[in-house]
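# Coordinates in review
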Amino acid sequence: MLVSAKEMLNKAKAGHYAVGQFNINNLEWTKAILQTAQEMNSPVILGVSEGAGKYMCGYKTIVGMVEGMIEGLGITVPVALHLDHGSYEGAMQCIEAGFSSVMFDGSHYPIDENIAKTKELVAICEEKGLSLEAEVGAIGGEEDGVIGEGECADPDECKMIADLGVTMLAAGIGNIHGKYPANWKGLSFETLDNIQKLTGAMPLVLHGGTGIPADMIKKAIDLGVSKINVNTECQLAFAAAVRKYVEDGKDLQGKGFDPRKLLAPGVEAIKATVREKIELFGSKDKA
Ligand code: 13P
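In this report, we go over the structure that sits alongside the text.

### Examining the overall build of the protein
- Along its length, the protein carries 12 helices and 10 strands.
- In terms of overall size, the protein behaves like a compact globule, its C-alpha atoms giving a radius of gyration of 18 Å where 287 residues would be expected to give roughly 19 Å.
- Structurally, the protein occupies a C-alpha span of about 60 × 45 × 35 Å along its principal axes.
- Look at the contacts in the protein between residues 6 or more apart in sequence, and 71% of them connect residues 24 or more apart.

Structure follows, in C-alpha cells:
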C-alpha cells in the first residue's frame, strides 16, 4: 500500500537523516528502486515529473504499476508515490489517480499567488491524508522545459508557506537540477540555516541531488534537510551501463538482444546508485 510521506519525513527530521526521492521513468526504474529500498530496509519516495507521467501513459497507469509491484515484489518498506514539480492541475490529476503525495511548485508565481494556490491544495491533501510539498525560490537547471537560475529562497516567504500546513518545503539554496557546472558556488548553508530557524520542525527538501558532494549533503541534513531528490544520477548510471553492454557487442551474442538482458546492466547500475544514496542519506534500516 502506498503511504503519505508525512510520517517518514517527520521521523527523518527528528532522527537527523534524509529519505531519498528517486524519479521513475518506466518499469525497470521502479522495480530497481523498490527492490533496493526493500533490501536496505529504507523508506522511499518515488518521484514522477509531469513529463514522465505523460511518458508512462498517465498517472493511473503509474498508480497501477506501482501498487501492483509493491504486491508482486512483496515490498513492505514505506513507499510514497509523489508528483514532482507539479502544476496545480497536475496535482489535482494525481490526487484523483491515487498518488499518495504531491508537490505543487508555485515558485514561479508571485508569492501571494503561490500562497493562495498552495493553501487550496493543503485543504484537499489534508482531507485525503496525502502529503504535500511546496516550493519557494526556483531550483535552477532545466526540468521539463522549465529553466530556473538556482536562486536562494527568502526565508520569510518560506515561513509563510510552511505556516499554511504543508508537509514539506523545497527551498532554493543555490541547488540546480542536472549536472553542476564547474563554476558552481555550492549550496548556500547560510540561507538553509535561516530557513530552518524560521520553519522549525518542517522537513526541508533538497532538489538537484545529483553531483552534490557527500560533505555538503551531510551538512544539509544537519541543517534540517529530510528529503533529497535524485534523478539525473540514475539516468547517467543507467545509460553508461547499457552503452557498455552494446559497445561490448553483448547484444549480438546469443539472445543478448532480449530486452530483459539488454537493460539488465542498466537496472543494476540504478540499484548501485540508489544503494549508495540510501547509505549517504542515512535512511538504511529506518523503514
Ligand atoms: P537531479 O536530476 O539533479 O538529481 O535533480 C532531481 C530533482 O530534484 C527532481 O525534482
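So much for the structure itself; the text now carries on.
### Considering the sheet that holds strand 9 (residues 204–206)
- Judged by pairing direction, the barrel is parallel, and its 8 strands sit side by side in the order 1-2-3-4-5-8-9-10 before closing back on the first. For this sheet the average axis-to-axis angle between neighbouring strands, irrespective of direction, equals 25°.
- Along the sheet, helix 1 (residues 6–15) contacts strand 1 (19–23), strand 3 (79–86), strand 5 (131–136), strand 8 (168–171) and strand 10 (225–230); its crossing angle with strand 10, the most-contacted strand, is approximately 120°.

### Here we look at the site of the ligand
- Close to the ligand lie 15 residues; His207, Thr210, Asn229, Asn231 and Thr232 are nearest.
- Secondary structure elements with two or more residues in the shell around the ligand: strand 3, strand 10 and helix 10 (232–247).
- Grouping the amino acids of the shell around the ligand by side-chain chemistry returns 1 nonpolar, 12 polar and 2 charged.

### Some details on the packing of helix 6 (residues 111–128) against helix 7 (residues 155–162)
- Contact geometry for helix 6 and helix 7: axes closest at 10 Å, N-to-C directions at 20°. Considering their axes alone, helix 6 and helix 7 lie roughly parallel with respect to each other. The hand of the helix 6/helix 7 crossing is right-handed. Together, Ile111, Asn114, Ile115 and Thr118 of helix 6 and Glu157, Met160 and Ile161 of helix 7 make up the contact between the two elements.
- Broken down by class, the residue content of the contact of helix 6 with helix 7 amounts to 4 nonpolar, 2 polar and 1 charged.

### As for the environment of Lys31
- Here Lys31 is to be found in helix 2 (residues 27–39).
- Considered as a pair, Lys31 and Asn41 are 10 residues apart in the sequence and their alpha carbons are 15 Å apart.

### Considering the pairing of strand 5
- Among the 6 residues of strand 5, 6 are classified as buried, and the element is accordingly described as predominantly covered.
- Burial of the side chains of strand 5 extends over both faces: Ser131, Glu133 and Glu135 are buried on one face and Leu132, Ala134 and Val136 on the other.
- Alignment of strand 4 (residues 101–104) against strand 5, held across 4 bridges, turns out to be parallel. Pairing of Ser101 across the sheet is with Ser131, part of strand 5.
- For the crossover that starts at strand 4, traverses helix 6 and ends in the parallel strand 5, the hand is right-handed.
- In the sheet, strand 5 pairs with strand 8 via 4 bridges, with the strands oriented parallel. Residue Glu135 lies in a different strand from strand 8, and its bridge partner there is Ala170.

### Here's the deal with the packing of helix 10 against helix 12 (residues 264–281)
- Axis separation between helix 10 and helix 12 bottoms out at 7 Å; the angle between their running directions is 145°. The handedness of the crossing between helix 10 and helix 12 comes out as right-handed. On helix 12, the residues that touch Glu233, Cys234, Ala237, Phe238, Ala240, Ala241, Val242, Lys244 and Tyr245 of helix 10 are Pro265, Gly266, Glu268, Ala269, Ile270, Ala272 and Thr273.
- Of the residues in the contact of helix 10 with helix 12, the class split is 11 nonpolar, 2 polar and 3 charged.

### Comments concerning helix 1
- When helix 1 is considered as a whole, its buried residues turn out to be Met8, Leu9, Ala12 and Lys13. End-on view of helix 1: buried residues confined to an arc of 135°, all on one side of the axis. For helix 1, the exposed residues set more than 90 degrees away from the buried face come down to Ala14 and Gly15.
- Lining the buried residues of helix 1 we find strand 1, strand 3, strand 8 and strand 10.
- Positive phi shows up at His16, right after helix 1, with a value of about 60°.

### Observations concerning the nonpolar core
- Among the nonpolar cores identified, the biggest contains 71 residues, and Ile33, Leu46, Val102, Leu169, Ala171 and Ile270 are the most heavily contacted of them.
- Excluding residues that lie within four positions of it along the chain, Leu169 makes contacts with Ala134, Val136, Cys158, Ile161, Ala162, Thr199, Met202, Leu204 and Val205.

### Description of the pairing of strand 2 (residues 44–49)
- For strand 2, a buried count of 6 out of 6 residues is recorded, marking the element as mostly surrounded by other parts of the structure.
- Where burial is concerned, the two faces of strand 2 agree: the one with Val44, Leu46 and Val48 and the one with Ile45, Gly47 and Ser49 are both buried.
- One ladder, built from 3 bridges, connects strand 1 with strand 2; its direction is parallel. Within strand 2, the residue paired with Asn23 across the bridge is Gly47.
- After leaving strand 1, the chain enters helix 2 and then returns to the sheet as strand 2, a path that is right-handed.
- Here 6 bridges tie strand 2 to strand 3, and the two strands are oriented parallel to one another. Bridged to Ile45 within strand 3 is Ala80.

Definitions and cut-offs
- Per chain, the residues get numbers from 1 upward, laid out in the order the sequence is written.
- Given that this is a predicted model, residues contribute local features only at a pLDDT of at least 70 and side-chain atom pairs are listed and counted only at 80 or more, while totals for whole chains, interfaces and linings are drawn from all residues.
- Put simply, DSSP H or I for four residues or longer makes a helix, DSSP E for two residues or longer makes a strand, and each gets a number counted from the N terminus.
- Note on method: radius of gyration uses C-alpha positions; expected globular size equals 2.2 Å times residues raised to 0.38.
- Throughout, a residue-residue contact means that the two C-beta atoms, derived from backbone geometry, are no farther apart than 7 Å.
- One requirement defines pairing of two strands: DSSP has to find at least two bridges between them.
- Orientation is described by axes fitted as lines to C-alpha atoms, over the contacting stretch for helices, and by angles from 0 to 180 degrees between their N-to-C directions.
- Put plainly, near means the residue's C-beta atom, positioned from the backbone, lies within 6 Å of the molecule or strand in question.
- Side-chain classes are defined by residue name, with Ala, Val, Leu, Ile, Met, Phe, Trp, Tyr, Cys and Pro counting as nonpolar, Asp, Glu, Lys and Arg as charged, and the others, Gly among them, as polar.
- Any angle between 65 and 115 degrees counts as roughly perpendicular, while under 35 counts as roughly parallel, over 145 as roughly antiparallel, and the rest as oblique.
- Crossings are sorted by hand: turned counterclockwise from the far helix by less than a right angle, the near helix makes the crossing left-handed, and turned clockwise it makes it right-handed.
- Field definition: a residue is buried when 20 or more other C-beta atoms are found within 10 Å of its C-beta, exposed when 12 or fewer are, and partly exposed for counts in between, with C-beta atoms placed from the backbone.
- Handedness of a crossover is defined as follows: with both strands directed away from the viewer, a clockwise route from the first strand across the helix to the second makes it right-handed.
- Starting at the helix axis, one direction is taken to each C-beta atom, and the arc is that of these directions.
- Any nonpolar core is a set of buried residues, restricted to Ala, Val, Leu, Ile, Met, Phe, Trp, Tyr and Cys, that join up through C-beta atoms within 7 Å.

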